[in-house]
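# Observations on the three-dimensional arrangement
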Amino acid sequence: MNGAHHEEHEHHEHHGHHGQVSDVEARALALESLLREKGLVDSRDVDELVSRYEHDVGPLLGARLVARAWVDPAFRDRLLHDANAVLRELGISGEGLNIVVVANEPGVHDAVVCTLCSCYPWPVIGLPPVWYKSAPYRSRMVREPREVLREFGLELDDATRVRVWDSSAEQRYLILPERPVGTEGWSEDDLVPLVTRDCMIGVARPGTGGV
Amino acid sequence: MDVDPEIAHAAGPAALPRRNGELVFTAPWQGRAFGMAVALQRGGRFAWRDFQERLEREIGGAGPDDDAARYYEHWLAALERLAVDRGLVDGEELGRRAGEYRSGLRDEVF
Amino acid sequence: MNGVHDMGGAHGHGPVVVEPDEPVFHARWEGRVWAMARLCLRRGLFNTDELRWGIERMPPARYLDASYYERWLTSVETLAREKGVAGAGPVRPSGRNPACEAPPRPRFRAGDRVRTRNVHPAGHTRLPWYARARRGVVERVRPPALLPDTNVGPVSRDWEPVYSVRFESRELWGESGRAGDAVLLDVFERYLEPSATEGEEEVR
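None of these values were measured; they are calculated from a predicted model.

For the rest of this paragraph, the subject is the overall build of chain B. Each helix and strand in chain B was counted, giving five helices and two strands. Starting at the N terminus, the α and β elements of chain B follow one another as α-β-β-α-α-α-α. Counting the 110 residues in chain B, one finds 48% classified as buried. Counted over contacts in chain B with a minimum sequence separation of 6, partners at least 24 positions apart contribute 66%.

See below:
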């Protein structure tokens, strides 16, 4: 389910095809090689642009932070203590960057809302979906979170307590969910696809098919 | 390098394929086609709206498409046409070069 | 202000509707509005508090009917007018938010019992209606920030300590609340006072 969009581009292994190059691939290669020859593009710029748009425009950055926190306890501690410092080290900075990572603990489920407008940790998970900014979510999440979560397909048992973070100042909250059972020994790369935008907002569990 | 919202967040049928908010590339050539178009725009070779218009024309009446491969075929076609129209590459030379890659005569990759 | 935007706890808005795999912008103009607003922010024509305040001042019915980016657009139009962009006179930008030269000392610490004030400012504020005159516990002290209430034109830049304050669900919603659940709200120090400590019944 999560496979396709995480296919690695191993540019340097590309030429194992030996005549198996598809039409469209051949055209793309031809175009790039001609443009390079004429000095119109630099392939490293192309690389960087692809990476920038891929990684900066959606939840992938947040997912990578979560996956790494799952495998690396020291990283997790630093992330919880000062997420902005960690992001600066990764080259993510910018005025107003103010991310706070909140970890679900056993028995506690966290979720994020902005009742007053739509504040959201967009530098790490992309722009918010319409439902997050909608009146139903904003009005109900602080008063009846369990009912809202149930509508998202997330059932919590009676022993679990809910904390809803209302982003009413500068802090933008990102939820670090608990690592799913059954993923022991998985690599960070294997874990990334389990971390969806919805589980970093707190309306889904990781790896369960939320968006 | 700043992400240009006009490019990243185009709307309608020309919207970049996404899953879970992330850009989807199902093969390396798609990312290259994407990056090339953006690199040329940043280099001032064309305005993004010019590319966008071509792309929309290629996509034609088809609605938003989940299939990244199909989308990027349209993208590549739009890019080729624009590159040729603007004199950035020669149409015949492009065809010849593609043939060389197809036949395995040329195999340099990026 | 006690406007319709302040909707935490409101009834009647219905179920959350989710559009699967929705695009970030549903129409081209939305992306243009977003980009325009961000550029204006970056250039200091107005600040984020003013952008929000422009939205909050929309007539209630219009606010509720408008799509998210329509609200942004309305606010940018309002601010453009107010800052003199759309007239013959000089432009009066607010300037970008400065860095904090002398961080104020926080009055409260984690674990302190606090109560939000029963204030109802007509202007911009970030203390939601649902959390006024409510008792809570400071969960965490946050870095100081500019008080939104006074950061809207004409701006007077007041650095205030900020706290994540925990409010029990029952404290906020009475019997409709759920024991054990809580809301963590970021509260500016000016919105807080110490809560009575001795003899006050704790709501759980």
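Each helix and strand counted, chain A has 10 helices and four strands in total. Each helix (α) and strand (β) of chain A, taken in turn from the N terminus, gives the series α-α-α-α-α-β-β-α-α-α-β-β-α-α. Burial status across chain A gives 49% buried among its 211 residues.

Take the domain arrangement of chain A next. When the domains of chain A are assigned, the result is domain 1 (21-56) and domain 2 (59-201). The centre of domain 1 of chain A, based on its C-alpha atoms, is set 34 Å off from the matching centre of domain 2 of chain A.

Here we take up the interface of chain C and chain A. On the chain A side, the residues contacting the 34 residues of chain C number 32 residues. Listed by contribution, the elements that provide at least two residues to the side of chain C that touches chain A are strand 2 (135-146) and strand 4 (182-188) of chain C. Here the side of chain C that touches chain A gets six residues from one element, more than from any other, and that element is strand 4 of chain C. Of the residues in the side of chain C that touches chain A, the class split is 19 nonpolar, six polar and nine charged. Where strand 3 (residues 161-166) of chain A meets strand 4 of chain C, four bridges bridge the pair, whose relative direction is parallel. Note on strand 4 of chain C: the bridge partner recorded for Trp165(A) is Leu184(C).

Of all nine residues in helix 2 (residues 48-56) of chain C, eight are buried, a share of seventy percent or more. Taken together, the buried positions of helix 2 of chain C are Asp49(C), Glu50(C), Leu51(C), Arg52(C), Trp53(C), Gly54(C), Ile55(C) and Glu56(C).

Let us now look at the nonpolar core. Counting residues in hydrophobic clusters, the biggest one holds 72 residues, and the most contacted among them are Val66(A), Val164(A), Ile175(A) and Val187(C). Here this core gets eight residues from one element, more than from any other, and that element is helix 3 (residues 60-71) of chain A. What Ile175(A) contacts, discounting residues up to four positions off in sequence, is Val102(A), Asn104(A), Asp110(A), Ala111(A), Val112(A), Met200(A), Ile201(A) and Gly202(A). Within the second largest apolar cluster, 48 residues are counted, among which are Leu35(A), Ala14(B), Tyr72(B) and Val89(B).

Before going further, it helps to spend a moment on the sheet that holds strand 5 (residues 192-194) of chain C. Strand order in this open sheet of seven strands is 2(A)-3(A)-4(C)-3(C)-2(C)-1(C)-5(C), and the pairing throughout is mixed. What marks the edges here is a single partner per strand, and that holds for strand 2 (108-113) of chain A together with strand 5 of chain C. On average, each strand axis in the sheet is tilted by 35° relative to the strand beside it, whichever way the strands run. With six bridges joining them, strand 2 of chain A and strand 3 of chain A adopt parallel strand pairing. Directly across from His109(A), in strand 3 of chain A, lies its bridge partner Val162(A).

What follows deals with the environment of Gly87(B). Inspection of the secondary structure puts Gly87(B) in the loop between helix 4 (68-85) and helix 5 (91-103). Through-space distance from the C-alpha of Gly87(B) to that of Arg42(B) is 17 Å; in sequence the pair is 45 residues apart.

Side chains of residues three or four places apart in an α-helix project in the same direction, reflecting 3.6 residues per turn. Residue and element names in this part refer to chain B. For helix 3 (residues 48-59), spanning 12 residues, the distance from its first C-alpha to its last is 16 Å, which sits close to the expected 16 Å at 1.5 Å a residue. Listed as buried for helix 3 are Phe51, Arg54, Leu55 and Ile59. When helix 3 is viewed along its axis, its buried side chains cluster within an angular range of 135° and face the same direction. Residues of helix 3 that are buried make contact with helix 2 (28-42) and helix 4. Looking one or two residues beyond helix 3, the residue adopting positive phi is Gly60, at roughly 65°.

Analysis parameters
Numbering of residues starts from 1 in every chain and runs along the sequence as written. Working convention: letters from A go to chains and numbers from 1 go to ligands, in the order in which they are written. Reporting of local features is limited, given that this is a predicted model, to residues whose pLDDT is at least 70; pairs of side-chain atoms are given and counted only at 80 or more, and all residues count toward the totals for whole chains, interfaces and linings. Strands are runs of DSSP state E lasting at least two residues, helices are runs of H or I lasting at least four, and both sets are numbered from the N terminus onward. Residue burial is a threshold on neighbouring C-beta atoms within 10 Å of the residue's own C-beta, all placed from the backbone, with 20 or more meaning buried, 12 or fewer meaning exposed, and counts in between meaning partly exposed. By definition, residues are in contact whenever their C-beta atoms, placed on the basis of the backbone, come within 7 Å of each other. For the domain bounds, the source is a domain assignment made automatically or taken from a database. Each residue gets one label: Ala, Val, Leu, Ile, Met, Phe, Trp, Tyr, Cys and Pro are nonpolar, Asp, Glu, Lys and Arg are charged, and the others, such as Gly, are polar. We call two strands paired when DSSP finds no fewer than two bridges between them. Put simply, a nonpolar core is a cluster of buried Ala, Val, Leu, Ile, Met, Phe, Trp, Tyr and Cys residues tied together by C-beta atoms within 7 Å. Convention adopted: a line fitted to C-alpha atoms gives each axis, helices being fitted over their contacting stretch, and angles between N-to-C directions are expressed from 0 to 180 degrees. A helix's residues, less one, multiplied by 1.5 Å, set its expected span. Starting at the helix axis, one direction is taken to each C-beta atom, and the arc is that of these directions.

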